[in-house]
Amino acid sequence: MGFENLEVWKKSVRLSADLYKELKGLKDYGFRDQITRSGLSIPSNIAEGEERASLKECLNFLSYAKGSCGELRTQIYIGMDVAYVDEQVGRKWLAETESISSMLGGLMNAKKQRIIDKGKTKPGT
């Protein structure tokens, strides 16, 4: 299955696009660039991980995506606090990041289980 079929990837792509659309007029370029980079990093790392040859590498990139999700959530809170991000929009984005983070955790656990299951099927174990 390609990364394009993963719901977590689709959801994170939509969130990233929403960030760009919503913040395109923001004049604080440093903040805008940082928050959009964090958002862009999530689906990008999911894609990169899914394209890697080993499960270990894949897990590393999914972990990076999960970390970027936490980074983005922090920036949303700050953006709301300084009135760069509308409260209602921010709450929606926070819910999305929490959902994406949870989905990533589930995907990582499933992949870790595959590693464990592979170890159980080796001869002599």
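Description of the structure in this document. (Residues numbered from 1 in each chain as written. Predicted model: local features only at pLDDT ≥ 70, side-chain atom pairs only at ≥ 80, totals over all residues. Heavy atoms only, no water.)

## Overview of the side chain of Ser101
Right, so step 1: Along the chain, Ser101 turns up in helix H4 (residues 87–120).
Right, so step 2: The exposure class of Ser101 is buried, given its relative accessible area of 10%.
Right, so step 3: In this structure Ser101 touches Lys66, Cys69 and Arg73, once residues within four positions along its chain are discounted. (Helix = DSSP H or I, 4+ residues; strand = E, 2+ residues; numbered from the N terminus. Buried < 20%, exposed > 50% of the residue type's maximum accessible area, 1.4 Å probe, protein only. Contact = heavy atoms within 4.5 Å.)

## Some remarks on the packing of helix H2 (residues 29–51) against helix H3 (residues 55–81)
Right, so step 1: Their axes nearest at 8 Å, the elements H2 and H3 cross at an angle of 160°. Taken together, the axes of H2 and H3 lie roughly antiparallel to each other. As for how H2 packs across H3, the hand of that crossing is left-handed. (Axes fitted to C-alpha atoms, helices over the stretch in contact; angles between N-to-C directions. Parallel < 35°, antiparallel > 145°, perpendicular 65-115°, else oblique. Left-handed = near helix turned anticlockwise from the far one by under 90°.)

## Description of a nonpolar patch on the surface
Right, so step 1: Nonpolar side chains collect at one region of the surface, where Ile78, Val82 and Tyr84 lie side by side and expose about 240 Å² of accessible area between them.
Right, so step 2: With respect to the element layout, Ile78 can be found in helix H3.
Right, so step 3: Classification of Ile78 by relative accessible area gives partly exposed; the value is 43%. (Patch = residues over 30% accessible without salt bridge, like charges linked within 9 Å, V, L, I, M, F, W, Y side chains within 5 Å. Areas by Shrake-Rupley, 256 points an atom, 1.4 Å probe, with all protein chains shown as cover. Salt bridge = Lys/Arg side-chain N within 4 Å of Asp/Glu carboxyl O.)

## Examining the pattern of salt bridges
Right, so step 1: Taken as a whole and judged by the stated rule, the model has six salt bridges.
Right, so step 2: Between Lys10 and Glu7 there is a salt bridge, with its nearest N and O atoms 3.3 Å apart. Linking Lys10 with Glu7, this pair stays in helix H1 (residues 7–23), spanning three residues, or about one helical turn.
Right, so step 3: Accessibility expressed as a relative area gives 28% for Lys10, which makes it partly exposed.
Right, so step 4: One connected set of salt bridges, linked through shared partners, spans Glu48, Arg52 and Glu57.

## Description of the environment of Leu26
Right, so step 1: Structurally, Leu26 is set in the loop between H1 and H2.
Right, so step 2: Separated by 58 residues in the primary sequence, Leu26 and Tyr84 have C-alpha atoms spaced 7.4 Å apart.
Right, so step 3: The residues contacting Leu26, other than those within four sequence positions of it, are Phe31, Arg32 and Tyr84.

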